[in-house]
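Tertiary structure, described
Letter by letter, the chains look like this.
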Amino acid sequence: MLQIDTWKRVLIWLVCVTGLLMALPNAFYTRVEQSNDAKTAIELGIDTPEMQAEAAQWPNWLPSSLVNLGLDLRGGAHLLAEVRVSDVYESRMEAMWPEIRDALRDERESVGTIRKQASEPDEIRVRISQPEGMSRALEVVRGLARQVQTLTGVGATDIEARAEGDTIVIQLSEAEKLASDDRTVRQSLEIVRRRIDEVGTREPTIQRQGTDRILIQVPGIGSAGELKDIIGTTAQLTFNPVAGRGTDPDAVPGIGEEVVPSLDESGVYYTIESAPVVTGEDLVDAQPSFNQNGQPAVSFRFNTSGARRFGDYTRDNVGAPFAIVLDDEVISAPVINQHIPGGSGIITGNFTVEESTNLAVLLRAGALPARLEFLEERTIGPELGQDSIDAGKVATIVAFVAVLTFMALSYGLFGIFANIALIINVGLIFGLLSLIGATLTLPGIAGIVLTVGMAVDANVLIFERIREELKSAKGPARAIDLGYEKALSAILDANVTTFITAVILFAMGSGPVRGFAITLGLGILTSVFTAIFVTRLMIVIWFERRRPKMIEV
Amino acid sequence: MRLKLVPQHTSFDFFSRWKLWLGISGLMMIVAFTSFMLQGLNYGIDFRGGTTIRIQSAQEIDVGAYRDAISPLDLGDVSITEIFDPTFGPTENVAMIRIQAQEGSEAVTAEMVEKVGEVLAEADPELKLPFDSIESVGPKVSGELIQTAVLAVALAIGAVLVYIWLRFEWQFALGAVAALVHDVILTIGIFSELQIRFDLAIIAALLTIVGYSLNDTVVVFDRVRENLRKYKKKDLKEVLNISINETLSRTVMTSVTTLLALISLYVLGGDVIRGFVFAMIWGVIVGTYSSVFVASTILLWLGVKRDWSKPSKNAGNQFANVDA
């Protein structure tokens, strides 16, 4: 009965070889990492002989994906920040007030005089002197409300107004709050990403977690405090008059002027007046849009005071360029086409749709829309990480050798088959980890060591079963066959239960614990595969060659 | 010559004193629980919030001097523990400083860490700066982490209960879960008794113990199920004894290989994960014990329905025909 179809044999070996090939780059970690970095650099246009030499350290035809090392192994900083989404309600209500005031003033006939009352920051309370005009007042305020896009569809507006005696209370609606929270967090995420990218560290992880949290992990950075400084620096957005444009970074600016580089055009420098006309603090919104000719553009809107200053300036300077400056770099310097009185305007240029979207994001991304509160922060020094890697390596090797020796002593030739399978097994784990781009953490290494110990379990179950079957005086072929057949249900049950716990760990855990769940789960899959396919194939091949009358397990 | 930890054929009677074993297990659980109630666990910052700083110095660590240096900063509860590890060189002296969560802020502030660094550098000129690691968890997150951890362990046990129930009978499921609860309580008990730091990684270890102990229990139960069909005339106690004896060699083999791997990790894996590995070693030992002396004994105690005459009922519960 010891037959395995040829296509199955080919498939099994193919899986093993592919897995081991995928794992191979990890054995030459530094070399492959340098080579990968160099290749990326060359793609970006930094093509020097040194780069070519570094890139050539690892041949192109071999797989080159590596297991990511977690922060606890590589060193770096980890931050969990909560976005104070309610900060935005406050500024929204502030921006709303002039509009409400003007609308109610127009209805003075029916509502009388109005007076703003002290209130919570996320609401506006207005007292009217003629309470009998309340229904009209509510109607007017509700008329200012805009539709909100919600998942549930229609019906929701952005503000809600209700009467409390002679006072109108205006608040953001629940639907608008949800939408606003989402926008706030996405904006914050974008800004955080932009600021970290500017610093140029490798492979930062910036993820949204839950509704209002942002997880930031940056390998190789000195400390979480440093990371907080990077994120916390407010981007300065200003609109300045342009005095000149040139290519000389050392041009001497006039009094009250400065020279700043252009963000997109390399080698171009603008001389701008240092005093801005308007700053990003006055910007209420910026959206990608199109001009009259259908070209991509960015529309923006200022608050009242910003609108007035911007209006005055554009009236006096039609035809002159002005610069949009972000963090001392000129994003763009469009020419003022006409007087822009309403506080909203449109920036045109040679934009593609993508560029206009990015510019809108950049404009909105001027400053963080809300404060960040840091709930969790961890810094791991690179040396501690290296120590952990070294300790993990030694421990894994010693564990490996101990288990291999023990198996060989206990089961002889069959033990050696199991040992080969175990080596393939660990190779497969690393191959899979590289393939799915998983992150290896210190508990993850523990998971691998644990797998080394537990992986032999399936083989032990089978071998013990074969021993038992041999005792009942069956022929070797029959005993091997029965051993596999009867052990299977125990192997499956035992591994399914362990796998369930690994899945739960993965779903509930975070960071290092999740790394442990991944290696444990993958280890279960690969060890079942190697036990019921790989060792079996080895035993069958051996059996076919030798045809022993007697076997000892 | 083969290395054999367990003879070819054994016939130990595991149930001659089954009441005694259940009694001992029950007593140990009570001791563990009492210790937990009286002393509580030495929770890490993952669960109670606060900051830990790992410091390293080329000279001997003088905990008293450190404490005196930090106390003027008025940071509330501060504990300093020196760490010893065989992998450290002679100039590597390591200590952990734990500072309680500060009023009015979630995570640590950079200024606080800087100040601690300054005062410690004054007390110990050989101190290595910047610190090896700083970890800080705010009270908000630590509260959630506790909830998640408890939920994870409960979910794991629940999922397993359902799985075993589906694959075996409910008596088996109860036996297996009793063994799991036993293992989890004893592990929490030893962490409370020895006051080893209990953090998020230990929860991962607890779940692994759940998985391992179950693995063991299921292998025994699988054999019990098989033997119940094979020896229809023998009484349950005898069948259980036969099954455990037959699987004993495997039980010991697997425990030994797993322990070999874990012990090398415990000795050589560095101090950062030592608590985690300790939990797993303890769990393997307790889990092996419990699958015989708790799970099987409970099964004996509950009895099991032996009516296998209706094959259709169990036919769907077998993987034995799966083509490998």
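Here the structure is a predicted model, which is why all the values come from computation and not from measurement. (Residues numbered from 1 in each chain as written. Chains lettered and ligands numbered in written order. Predicted model: local features only at pLDDT ≥ 70, side-chain atom pairs only at ≥ 80, totals over all residues.)

Quick look at the overall build of chain A now. For chain A, the count of helices and strands is 15 helices and 19 strands. Rg of the C-alpha trace for chain A: 34 Å, well past the compact-globule value of 24 Å for 553 residues, more than 25% over. Seen through its principal axes, chain A has C-alpha atoms that stretch 110 × 65 × 45 Å. Taking all 553 residues of chain A together, 43% fall into the buried category. Sequence separation of at least 24 residues holds for 69% of the intrachain contacts in chain A that already meet a minimum separation of 6. (Helix = DSSP H or I, 4+ residues; strand = E, 2+ residues; numbered from the N terminus. Rg over C-alpha atoms; globule rule 2.2 N^0.38 Å. Buried ≥ 20, exposed ≤ 12 C-beta atoms within 10 Å, placed from the backbone. Contact = placed C-beta atoms within 7 Å.)

Moving on, we get to the overall build of chain B. Of the regular secondary structure elements, chain B holds ten helices and six strands. In terms of overall size, chain B is more extended than a compact globule, its C-alpha atoms giving a radius of gyration of 25 Å where 324 residues would be expected to give roughly 20 Å. Principal-axis analysis of the C-alpha atoms gives chain B an extent of 80 × 50 × 40 Å. The buried share among the 324 residues of chain B stands at 43%. Within chain B, contacts between residues at least 6 apart in sequence are counted, and of these 80% link residues at least 24 apart.

Before going further, it helps to spend a moment on the domain arrangement of chain B. Residues and elements named next belong to chain B. Per the domain assignment, the segments of chain B are domain 1 (18-43 + 141-309) and domain 2 (50-137). Placing a centre on the C-alpha atoms of domain 1 and another on those of domain 2 gives a separation of 38 Å. Contact with domain 1, which involves six residues of that partner, is made by five residues of domain 2. In terms of residue class, the side of domain 1 that touches domain 2 is built from three nonpolar, two polar and one charged. (Domains from an automatic or database assignment. Nonpolar A, V, L, I, M, F, W, Y, C, P; charged D, E, K, R; others polar.)

Residue and element names in this part refer to chain A. The four strands are arranged β3-β4-β6-β5 in an open sheet whose pairing can be described as antiparallel. Looking along the sheet, the strands with just one partner apiece sit at the ends: β3 (114-117) and β5 (159-164). This sheet shows a mean twist of 25° between the axes of neighbouring strands, independent of strand direction. Note that β3 and strand β4 (residues 123-128) share four bridges and pair antiparallel. Bridged to R115 within β4 is R127. (Pairing = 2+ DSSP bridges. Axes fitted to C-alpha atoms, helices over the stretch in contact; angles between N-to-C directions.)

With 14 residues, helix α4 (residues 110-123) of chain B should cover 20 Å at 1.5 Å per step; its first-to-last C-alpha distance of 20 Å lies within 8% of that length. Considered for burial, the residues of α4 of chain B that qualify are V113, V116 and L120 of chain B. Here the buried residues of α4 of chain B occupy an arc of 60° about the axis, which is enough to place them on one side. What points out from α4 of chain B, more than 90 degrees from its buried face, is the exposed set E111, E118 and E122 of chain B. Check the buried side of α4 of chain B and you find it contacts α9 (224-232) of chain A together with β2 (50-57), α3 (63-70) and β5 (133-137) of chain B. (Expected span 1.5 Å × (residues − 1). Arc of directions from axis to C-beta.)

A few words now on the packing of helix α5 (residues 139-167) of chain B against helix α6 (residues 170-194) of chain B. Residues and elements named next belong to chain B. Contact pair α5 / α6: the axes reach a minimum separation of 8 Å and the direction vectors enclose 155°. In terms of orientation, α5 lies roughly antiparallel with respect to α6. Of the two elements, α5 crosses α6, and the hand of that crossing is right-handed. Residue-level inspection shows V153, I157, V160, L161, I164 and W165 of α5 in contact with α6, the latter providing W170, F172, A173, A176, V177, L180 and V184. Of the residues belonging to the contact of α5 with α6, the class tally is 13 nonpolar, no polar and no charged. (Parallel < 35°, antiparallel > 145°, perpendicular 65-115°, else oblique. Left-handed = near helix turned anticlockwise from the far one by under 90°.)

All right, on to the interface of chain B and chain A then. On the chain A side, the residues contacting the 67 residues of chain B number 67 residues. Taken together, the elements giving at least two residues each to the side of chain B that touches chain A come down to α4, β5, α5, α7 (200-230), α8 (236-268) and α9 (274-302) of chain B. Top element by residues in the side of chain B that touches chain A is α8 of chain B. It accounts for 14 residues. Among the residues making up the side of chain B that touches chain A, the classes are represented as 41 nonpolar, 16 polar and ten charged.

This part is about the UniProt feature "transmembrane region" (unreviewed entry) in chain B. Residue and element names in this part refer to chain B. In this numbering, the UniProt entry assigns the feature "transmembrane region" (unreviewed entry) to residues 20-38, 145-166, 173-194, 200-221, 242-268 and 280-304. Note that residues 145-166 is 100% helix and 0% strand, and that its end C-alpha atoms are spaced 31 Å apart. Spanning residues 242-268, this segment combines 100% helix with 0% strand, and its end C-alpha atoms are found 39 Å apart. (UniProt positions renumbered as here; feature names shortened; annotations may be inferred.)

Moving on: the sheet that holds strand β2 (residues 76-83) of chain A. Taken together, eight strands build an open sheet; the order of strands is β7(A)-β8(A)-β2(A)-β18(A)-β5(B)-β2(B)-β4(B)-β3(B) and the sheet is antiparallel. Across the chains shown, the open sheet's two edge strands, defined by having one partner strand only, are β7 (205-209) of chain A together with β3 (78-83) of chain B. Here the strands of the sheet are splayed against their neighbours by 15° on average, with no regard to which way each runs. One ladder, built from five bridges, connects β7 of chain A with strand β8 (residues 213-219) of chain A; its direction is antiparallel. Looking at β8 of chain A, one finds that Q209 of chain A is bridged to R213 of chain A. α9 of chain A rests against β2, β8 and β18 (372-380) of chain A together with β5 of chain B of the sheet, and its axis sits at about 50° to β2 of chain A.

The next point concerns the domain arrangement of chain A. By domain assignment, chain A separates into domain 1 (6-22 + 382-546), domain 2 (87-177) and domain 3 (238-360). Look at where the C-alpha atoms of domain 2 of chain A and domain 3 of chain A centre, and you get two points 34 Å apart.

For the rest of this paragraph, the subject is the UniProt feature "domain: Protein export membrane protein SecD/SecF C-terminal" (unreviewed entry) in chain B. UniProt marks residues 129-303 of chain B with the feature "domain: Protein export membrane protein SecD/SecF C-terminal" (unreviewed entry), using the numbering shown here. Each end of residues 129-303 of chain B is marked by a C-alpha atom, and these two atoms are 64 Å apart; helix forms 84% of the span and strand 4%.

So, on to unusual backbone geometry. Of the consecutive residues L129 of chain B and P130 of chain B, the connecting peptide bond is found in the cis state with omega at -5°. Secondary-structure assignment places P130 of chain B in the loop between α4 and β5. Even without being glycine, R547 of chain A reaches a positive phi, approximately 50°. On the secondary structure map, R547 of chain A appears in the segment after α15 (511-546). One non-glycine residue with positive phi stands out, namely D74 of chain B, at about 60°. Position of D74 of chain B relative to the elements: it lies in the loop between α3 and β3. Given 7 C-beta atoms within a 10 Å radius, D74 of chain B is considered exposed.

This brings us to the pairing of strand β6 (residues 167-172) of chain A. All names here are of chain A. Taking every second residue as pointing to the same face, the buried face of β6 carries I168, I170 and L172, while none of T167, V169 and Q171 on the other face is buried. Pairing of β4 with β6, which is carried by five bridges, proceeds in the antiparallel orientation. Its bridge partner being in β6, I124 is matched across the sheet by I170. Two strands pair when backbone bridges link them, and β5 and β6 are joined in this way by six bridges, in the antiparallel orientation. Counterpart to A163 in the pairing with β6 is I168. Joining the antiparallel neighbours β5 and β6 is a turn of two residues, in which G165 adopts a positive phi near 65°.

When the pLDDT values of chain B are averaged, the result is 85; 93% of them are 70 or greater. Low pLDDT, under 50, characterises residues 310-324 of chain B; the stretch is placed with twelve contacts to residues that sit more than four places away or in other chains. (pLDDT = per-residue confidence, 0-100.)

Right, let's get into helix α14 (residues 476-508) of chain A. Under the 1.5 Å per step criterion, the end-to-end length of α14 of chain A is 47 Å for 33 residues, consistent within 8% with the ideal 48 Å. Helix geometry: α14 of chain A is bent most strongly at L488 of chain A, by close to 35°. (Bend = angle between axes of the 7 residues up to and from the residue.)

A word on the packing of α7 of chain B against α8 of chain B. Residues and elements named next belong to chain B. Their axes nearest at 9 Å, the elements α7 and α8 cross at an angle of 135°. Comparing their axes, α8 and α7 come out oblique. At the point where α7 passes α8, the crossing takes the right-handed sense. Counted together, D216, V219, V220, R223, V224, N227 and L228 of α7 and V239, L240, I242, S243, I244, E246, T247, R250 and T251 of α8 form the full contact between these two elements. Classifying every residue of the contact of α7 with α8 by side-chain character gives eight nonpolar, four polar and four charged.

What follows deals with the environment of F14 of chain B. All names here are of chain B. Relative to the assigned elements, F14 resides in the segment before α1 (18-39). The class of F14 is partly exposed, set by 19 C-beta atoms lying within 10 Å. With near-sequence residues (within four places) excluded, F14 lies in contact with N241, I244 and V292.

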